[in-house]
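So you can see what is in the structure, the chains are spelled out below.
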Amino acid sequence: MKIKEIIVVEGKDDTVAIRRSVDADTIETNGSAVSPVTIEKIKHAHEKRGVIIFTDPDFPGERIRKIVSDAVPGCKHAFIHKKDALPKAGMGIGVEHASPEAIREALKEAQVIQEDQEELITQEDLIDAGLIGSAKSKDRRIALGEKLRIGYTNGKQLHKRLRMFNIQREEFKKALMEIIQEEEHA
């Protein structure tokens, strides 16, 4: 599988995992303090070939994703499930631990976030669904982020991310029903 866009990753180990999975070029941010030089490289890459931001499913990864997407609007975003980013042994979480199949799947589903999308799912919908303000909210948001492939969000970010990815009401309801059924059978 050849990827036209340049993939923005956090470090060398992520680049190794990407190259083990697909034929692609990467730019490494080398941590969450993304330098101005790196931002310029990403801007240039976006103009020439397009960019896919593919960071770890954790707080530093989300921070890097936000820094890059704010500086370079119009990038595609790829998300990996947290369970696919866990090491076989040891600690940590990251793209470097994912299988080639999980990486290919995430890249195949990469999409551009639309900033000015219409609100299809309201804040009230999120409260009614138990995604905000209940004891199970965090676990439900994690499950929803995985099912919809929009990454993990806190309660405040979820509403914005659903709108940015133009998640349709039916898609949202279907994912939520699956989550509720999984909770009942757990």
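Not measured: the values here are computed from a predicted model.

### Describing the overall build of the chain
Scanning the chain for helices and strands turns up eight helices and five strands. Counting helices and strands in the order they occur from the N terminus, the chain gives β-α-β-α-β-α-β-α-β-α-α-α-α. Compactness check: the chain gives a C-alpha radius of gyration of 17 Å against a globular reference of 16 Å for 186 residues, within 12% of the reference. Principal-axis analysis of the C-alpha atoms places the extent of the chain at approximately 45 × 40 × 30 Å. Classification of the 186 residues of the chain by burial places 46% in the buried group. In the chain, 61% of the contacts between residues at least 6 apart in sequence involve partners at least 24 apart. With an accessible surface of roughly 10000 Å², the chain has 52% of that area assigned to carbon and sulfur atoms. Computing the positive centroid from 31 side-chain charges and the negative centroid from 33, the chain places the two 3 Å apart.

### Structural notes on the packing of aromatic side chains
Under the definition given, this model contains one aromatic pair. Note on F79 and F165: the rings are 5.7 Å apart at their centroids and 65° apart in plane angle, and the pair reads as edge-to-face. Of this pair, F79 sits in the loop between β4 (76-77) and α4 (100-108) while F165 sits in the loop between α7 (155-164) and α8 (169-184), placing them 86 residues apart in sequence. Given a relative accessible area of 4%, F165 falls into the buried group. For R65, the ring lying beneath its charged end belongs to F79, and the centroid distance is 4.0 Å. The ring of Y152 carries K82 above its face, with NZ or CZ at 5.4 Å from the centroid.

### Brief notes about the packing of helix α6 (residues 137-148) against α8
Packing of α6 against α8 leaves a shortest axis separation of 10 Å and a crossing angle of 130°. As far as their axial angle goes, α8 and α6 are oblique. When the axes of α6 and α8 are compared, the crossing they make is right-handed. Touching R140, A143, L144, K147 and L148 of α6 are E171, F172, A175, L176, E178, I179, I180, E182 and E183, all from α8. Here the contact of α6 with α8 is built from residues that sort into eight nonpolar, no polar and six charged.

Each value, and the rule that gives it
- Residues numbered from 1 in each chain as written.
- Predicted model: local features only at pLDDT ≥ 70, side-chain atom pairs only at ≥ 80, totals over all residues.
- Heavy atoms only, no water.
- Helix = DSSP H or I, 4+ residues; strand = E, 2+ residues; numbered from the N terminus.
- Rg over C-alpha atoms; globule rule 2.2 N^0.38 Å.
- Buried < 20%, exposed > 50% of the residue type's maximum accessible area, 1.4 Å probe, protein only.
- Contact = heavy atoms within 4.5 Å.
- Areas by Shrake-Rupley, 256 points an atom, 1.4 Å probe, with all protein chains shown as cover.
- Lys, Arg positive; Asp, Glu negative; His and termini not counted.
- Charge placed at Lys NZ, Arg CZ, Asp CG, Glu CD.
- Phe/Tyr/Trp six-rings, centres within 6.5 Å; stacked < 30°, edge-to-face > 60°.
- Lys NZ or Arg CZ within 6 Å of the ring centre and 35° of its normal.
- Axes fitted to C-alpha atoms, helices over the stretch in contact; angles between N-to-C directions.
- Parallel < 35°, antiparallel > 145°, perpendicular 65-115°, else oblique.
- Left-handed = near helix turned anticlockwise from the far one by under 90°.
- Nonpolar A, V, L, I, M, F, W, Y, C, P; charged D, E, K, R; others polar.

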